Structures are given as C-alpha cells and as structure tokens.
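If you want the building blocks of each chain, they are given just below.
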Amino acid sequence: MFPASFEYHRAGSTQEALDLLARHPEAKFLAGGHSLLPMMKLRLAQPPAVIDIGRIAELSGIALEGGTIRIGATTRHGELAASQTLREHCPILAEAAGHIGDPQVRNRGTLGGNIAHADPASDLPAVLVALDATVDVLGPNGERQVRAADFFVGLLSTALGEDEIITAVHVPFFASGVGTAYLKAEHPASGYAVCGAAAVVTMSGGVCADTSLAFNGISDIPVSASAVAAALVGTSLDDAAIDAAISSHLSVPDPLGDVYASGEYRVQLAKVYGARALKAARDRA
Amino acid sequence: MAHQIRVEVNGEVQEREVEARKLLVHFLRDDLGLTGTNVGCETTLCGACTVWIDGQPVKSCTQLAVQADGTRVTTIEGLADGSKLHPMQEAFWEEHGLQCGFCTPGMILAATALLDTNPNPTEGEIREALKGNICRCTGYHNIVKAVQKAAQGGASNG
C-alpha cells in the first residue's frame, strides 16, 4: 500500500514553502505525515505535489511570547507532551498530546498537521478551543490570527485558505489558580477519542471566576459548552453545581454516531466526561 | 521523478535514488535487503515496521524514504554487535518474549528506546511504551518480563 505518484519538494523556509505552494496550488504540505500519508496510501488524497516543511527550523519549537506560549506548527506531539513550559503553564496541552496514538506516532505527528487535518476524533482541537488558543496563519497577503473556535469549520475542514500555511499556535500562559484537565473515552482499537472533554477552570477565593469546557469526538467540529461554563461562573464549583450545570445546559446539535458508538451514547459520554474533566480541573486549580 | 537520498543505516552510509512515493519500510527491505523490518498492518497501528530515526522509534510504513534523507536510521539488524546479541534481544530470548516473531523487531526497538529515556520503567510504563506495537500470538506477559529483565541488566543504549 503506497501513495499515487506525486512531485516532492522540500522547503527550506516558510517563505519558500509559500512560494512553492503558489507554484503548485494543489500541493499538500507534509510535516510529520501522520495525517496526510495515511490518506495518500488509501488514495483518499492524491495530491499532484507534496511540499515537505518538516525541516523548517522557524516552524518548530515552544517559546514564551508576549504573555502567551507560542508553539511552532511543526512541533511534534512528543515534544508537547514532554515540554516543561507546557507542563507547568499550560498542562492540558501536554496531557492531551501525551494521549495521542502511541510513542511512535507522537515522535512524528505535529500540532499544525493535526489541526489542519481537523479530524473530529482527534484530541487537540477541543483542547485548543477550551484554551481559546489562536492559530497564526501566513499567506501571500501576510499573517492573520484565527481563534481556535473559528478555525474548525466542518468535518475535516478549517478556515485555512488554499494559499496559506499554519505557522504557529498561541496558548495561554497560566499562573496559579488555574486548573486544567483533558479526559477521553478512547476507541479500544484506534485510540481515537469517542468523546474527549477539555476543561479549564480559574478559581479565585473559592469561587469559579472563569471556566471553559469543550468536546471532541461527538460532532463534526469541537463543541464548546459555553452555556455550561456560563452557568458555573460565580459558583463554588462543587460537584452538585457541576452536575446540575451539565444536565441543564449541555446541548449537542447533530451528534456524530457510527457502528461503534451512537450519537445518543456519545452525548451521554460527554455528560459524564465533561463533569469529570471539570471536577479534575477544579481540584488542580 | 527520482530523488537522491543519503541515509546512514545501521552505521553505514547509503546513497540511493528513490521515487518520492517510496515508503521508508520498502526502501529498507527492497533496496537495502534489510528484511528484519516487517510490513504488518500498513496503517500506522501495529508497529511491526518500527525503526529508529535519529534514535527515536517511528513507524517506517508512514514515512517516505525521502523524508529520511540526511538522518540516521537503525533497524533490528543494527542492534547486535556482530554475533553478540543486544541485551534486549538476549532478554526476549531468555524470557520467551515472542511466539511467531513477526512483531519482535518492532517490539525490541520500541522497548530499547524506552530504556534509553527511562532505564527503570514500571510495568505500567513498559505497557504504555509498547502501546504502538501489537502482538497477535500470545499476549504481552512475556514481552513485559523480557523488558524488565533487560532493564535489570542495564540494556539501554545510553
């Protein structure tokens, strides 16, 4: 099983990658190749050209920048999981990245590739939505920032333009008082999320000052449970408050269903995993 | 269109022309004759094709050979020192950590990479590190015992 023939180009810089894309508008970017190559091997994708961006140094790495943590697009899942900066100041991203696939997959797969592919069962999109992360996108007309909630627009589709490249993702730098948790019910064979829940909680003087909750696996795009979050701000975030907010305010339009897990079952998983994630995040705040 | 690549495989520099779509596993098996790396599921799940790129385990069915240009690749053939087995190979032998042997090269490379970063793993850490390697013969009990034995004997490459 191998891909259909394609032209291979290797870019030495982000600008060169964009120039190559301008010359080969139907080309696909290749970084870790763990979303694109499986699609190409199954012939679900047959791009005439592939632009390898896996060696562009400026696209990789984790650094503090203006009060946020900037993560280059080709930073690998294993690097996210092991990053001391993330583990201390945005632990949910390290936690979720550490749940992706297996060690070999995490050694190759990248953050930018993951979100560009936008698989609904993937772990990171909901985490980025819960974090209100920003995606940096570069195109012929310059750079723009897209909020994670606006980035995922449909099944396997994003707000990324045909002539653009993802350069980085910005996530918050949390100080004390913030707790986060990512929990998932994973498919026993593939490891993909049947339902994943990402929770971020800010506590101040025993009261919930801010919170967010987002899910993957249950819909075409990450589901932000903003009504649940709104109902919890100002409460003590005890178990009863969380359970009540979930049961009254969690709604999932058009839940995904398949032969393994029906839509109804996934919504039930979301209720259970959402409550657990909020409680775990609260306990860590 | 063919691409010239230069890869250090098991310590030997190999320069070859490859087609862009050639997968690393086929480059190793068909072009270099290193058939210890197995083709299993071909879908990045089973781990039979695990090799190291620059010391890190990866699934060579989901890598293009051109992506390996300029890297250092280690396959199961590169572990033994002449006729002297690597301590992880020895431990799999001693603990009977295999039945048919198809998954074994990948298991051994994944397990050895674990000990490089974590020389004294718990049983849970061993099982987690081998999550990407599937054995369909007999389960994982003796495989875990083999890794534990190798850890006691100091089998990392570090």
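Given the structure is predicted, the values throughout are model-derived calculations rather than measurements.

Student: Tell me about the overall build of chain A, and name the residues and values.
Tutor: The secondary structure content of chain A amounts to 12 helices and 14 strands. By its C-alpha atoms, chain A is 60 × 45 × 35 Å across when sized along the principal axes. Scored against the burial criterion, the 285 residues of chain A give a buried share of 55%. Long-range pairs, those at least 24 residues apart, make up 60% of the contacts in chain A between residues at least 6 apart in sequence.

Student: For the interface of chain B and chain A, give the residues involved together with the corresponding values.
Tutor: A common way to report how large an interface is uses the accessible area buried once the components associate. On the side of chain A, 30 residues touch chain B, which itself brings 30 residues to the contact. Three residues stand out in chain B for area buried against chain A, namely Arg 21, Gln 67 and Lys 131 of chain B, and they jointly supply 25% of the buried area on that side. Linking chain B with chain A are 3 salt bridges, by the criterion used here. Of the charged contacts, one joins Lys 59 of chain B and Asp 102 of chain A as a salt bridge, the two residues approaching to 2.6 Å between their closest N and O atoms. In this assembly, chain B and chain A are joined by 17 residue pairs in polar contact (both at pLDDT 80 or more). Where the side of chain B that touches chain A is concerned, the elements lending two or more residues are strand 3 (50–53), strand 4 (56–59) and helix 4 (123–129) of chain B. Counting residues per element, the side of chain B that touches chain A draws most heavily on strand 4 of chain B, which supplies 4 residues. The residue inventory of the side of chain B that touches chain A, partitioned by class, reads 12 nonpolar, 11 polar and 7 charged.

Student: Summarise the packing of aromatic side chains; cite the residues concerned and give the values.
Tutor: According to the stated counting rule, one finds 1 aromatic pair over all chains in the structure shown. Of note, Arg 276 of chain A hangs over the ring of Tyr 273 of chain A, and the distance from its end group to the ring centre comes to 5.1 Å.

Student: So what's going on with the domain arrangement of chain A? Residues and values would help.
Tutor: Along its sequence, chain A is organised into domain 1 (7–52) and domain 2 (178–284). For domain 1 of chain A and domain 2 of chain A, the distance between their C-alpha centres works out to 35 Å.

Student: Got a sec to walk through the sheet that holds strand 6 (residues 134–139) of chain A? Specific residues and values, please.
Tutor: Residues and elements named next belong to chain A. Here 5 strands make up an open sheet; going across it, the order is 4-5-10-6-7 and the pairing antiparallel. A single partner strand is all that each edge strand has here, and the edge strands are strand 4 (62–65) and strand 7 (142–147). This sheet shows a mean twist of 30 degrees between the axes of neighbouring strands, independent of strand direction. In the sheet, strand 6 pairs with strand 10 (residues 165–172) via 5 bridges, with the strands oriented antiparallel. Across the sheet, Val 135 pairs through a bridge with Val 169, a residue of strand 10. Sheet strands touched by helix 1 (residues 14–23): strand 6 and strand 10. Its angle to strand 10, the strand with the most contacts, is close to 135 degrees.

Student: Can you explain the environment of Cys 41 of chain B? Please cite residues and give values.
Tutor: All names here are of chain B. Along the chain, Cys 41 falls in the loop between helix 1 (24–31) and strand 3. For Cys 41, a relative accessible area of 30% gives the class partly exposed. Sequence separation of Cys 41 and Cys 61 is 20 residues, and the distance between their C-alpha atoms is 8.9 Å.

Thresholds, definitions, all that
Residues numbered from 1 in each chain as written. Chains lettered and ligands numbered in written order. Predicted model: local features only at pLDDT ≥ 70, side-chain atom pairs only at ≥ 80, totals over all residues. Heavy atoms only, no water. Helix = DSSP H or I, 4+ residues; strand = E, 2+ residues; numbered from the N terminus. Buried < 20%, exposed > 50% of the residue type's maximum accessible area, 1.4 Å probe, protein only. Contact = heavy atoms within 4.5 Å. Buried area = accessible area lost by both parts, 1.4 Å probe. Salt bridge = Lys/Arg side-chain N within 4 Å of Asp/Glu carboxyl O. Polar contact = N/O pair within 3.5 Å; in protein donor to acceptor, adjacent residues only side chain to side chain. Nonpolar A, V, L, I, M, F, W, Y, C, P; charged D, E, K, R; others polar. Phe/Tyr/Trp six-rings, centres within 6.5 Å; stacked < 30°, edge-to-face > 60°. Lys NZ or Arg CZ within 6 Å of the ring centre and 35° of its normal. Domains from an automatic or database assignment. Pairing = 2+ DSSP bridges. Axes fitted to C-alpha atoms, helices over the stretch in contact; angles between N-to-C directions.

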